[in-house]
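Understanding the architecture of this molecule
One-letter residues, chain by chain:
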Amino acid sequence: MSSTNTTSEVDVIIGSNIRRIREFSGVSKRGLAKAVGISWSQMKKCEDGARRISAGSLFAVARALNCSIDEFWKGIDPGATLILPAQSNDAMMVARNFDRIPSPAHRVAIANLIATLADGGALQSAAE
């Protein structure tokens with residue numbers, strides 16, 4: 001297999017997934033880079049999709065973030081590449097804390113409130 005220095009849409013998606021999981025886990029970019037054994041600037045380039053991440057580094061990222069390596073491929077369809085939408089810092093904070101709410105009824109109420117505020121419609125509960 002020939003080596004190439006160019007990145008692709010897949011690299012962008014993998015980088016975006018690394019960033020999403022890292023932020024969701026509350027790990028800093030510097031902390032993750034240190035755990036993986038690369039520089040902060042290299043980690044930034046990987047998350048931005050400007051630098052291809054090696055299989056060994058991807059494995060180290062999964063271990064450092066305590067997640068399955070399969071999580072990095074979310075949004076990649078072998079037949080068609082999908083670009084994940086960007087999430088705001090506020091959205092990441094809501095996501096990070098949402099599952100920590102112990103009451104299922106409160107989680108449903110909050111999800112409906114967010115949907116109502118966003119577009120005037122309510123979400124259907126997964127239980128319905």
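Counting restarts for each chain, with residues numbered from 1 along the sequence as it is written. Per-residue local features of the predicted model are confined to residues with pLDDT of at least 70, and side-chain atom pairs are confined, for both listing and counting, to 80 or more; whole-chain, interface and lining totals are unaffected and use all residues. The basis for the side-chain values is all heavy atoms of the structure; hydrogens and waters are excluded.

So, about helix 1 (residues 9–25). Each full turn of the α-helix corresponds to 3.6 residues, which orients residues three or four apart in the same direction. In DSSP terms, a helix is any run of H or I states spanning at least four residues, a strand is any run of E spanning at least two, and both are numbered starting from the N terminus. One fewer than the residue count of a helix, multiplied by 1.5 Å, yields its expected span. The terminal C-alpha atoms of helix 1 lie 24 Å apart, and with 17 residues this matches the ideal 24 Å at 1.5 Å per residue to within 8%. Those residues of helix 1 that fall on the buried side of the exposure criterion are Asp11, Ile13, Ile14, Gly15, Ser16, Asn17, Ile18, Ile21, Arg22 and Glu23. Gly26 sits one or two residues past helix 1 and shows a positive phi near 75°. When accessible area is computed with a 1.4 Å probe and restricted to protein chains, residues below 20% of their type maximum are described as buried, those above 50% as exposed, and intermediate ones as partly exposed.

Moving on: helix 3 (residues 40–48). Burial in helix 3 covers these residues: Met43, Cys46 and Glu47. An end-on view of helix 3 places all buried positions within 95° of arc, on one side of the element. Looking at the buried positions of helix 3, the neighbouring elements they touch are helix 1, helix 2 (29–36) and helix 4 (55–65). Summarising the geometry, the arc corresponds to the directions from the helix axis toward the C-beta atoms. By definition in these notes, contact holds between two residues if any of their heavy atoms fall within 4.5 Å.

Aromatic rings in a pair are described by how distant their centres are and how their planes are angled relative to each other. Paired rings are identified among Phe, Tyr and Trp, the last through its six-membered ring, by centres lying within 6.5 Å, and are further divided according to the angle between planes into stacked (under 30 degrees), edge-to-face (over 60) and tilted (the rest). Enumeration according to the criterion identifies zero aromatic pairs in this entry. Any Lys NZ or Arg CZ found within 6 Å of a ring centre and within 35 degrees of that ring's normal is scored as a charge over the ring. The lysine or arginine in question, Arg30, covers the ring of Trp40, its NZ or CZ lying 4.8 Å from the ring centre.

Turning our attention to the pattern of salt bridges. Between Lys or Arg on one side and Asp or Glu on the other, a salt bridge is scored when a side-chain nitrogen of the former is within 4 Å of a carboxyl oxygen of the latter. For the structure on display, the rule yields eight salt bridges. The partner of Glu47 in a salt bridge is Arg19, and the shortest N-O contact between them spans 3.5 Å. Here Glu47 is found in helix 3, whereas its partner Arg19 is found in helix 1, with 28 residues between them in sequence. A relative accessible area of 1% places Glu47 in the buried class. Here Lys29 makes a salt bridge to Glu47, at a shortest N to O gap of 3.7 Å.

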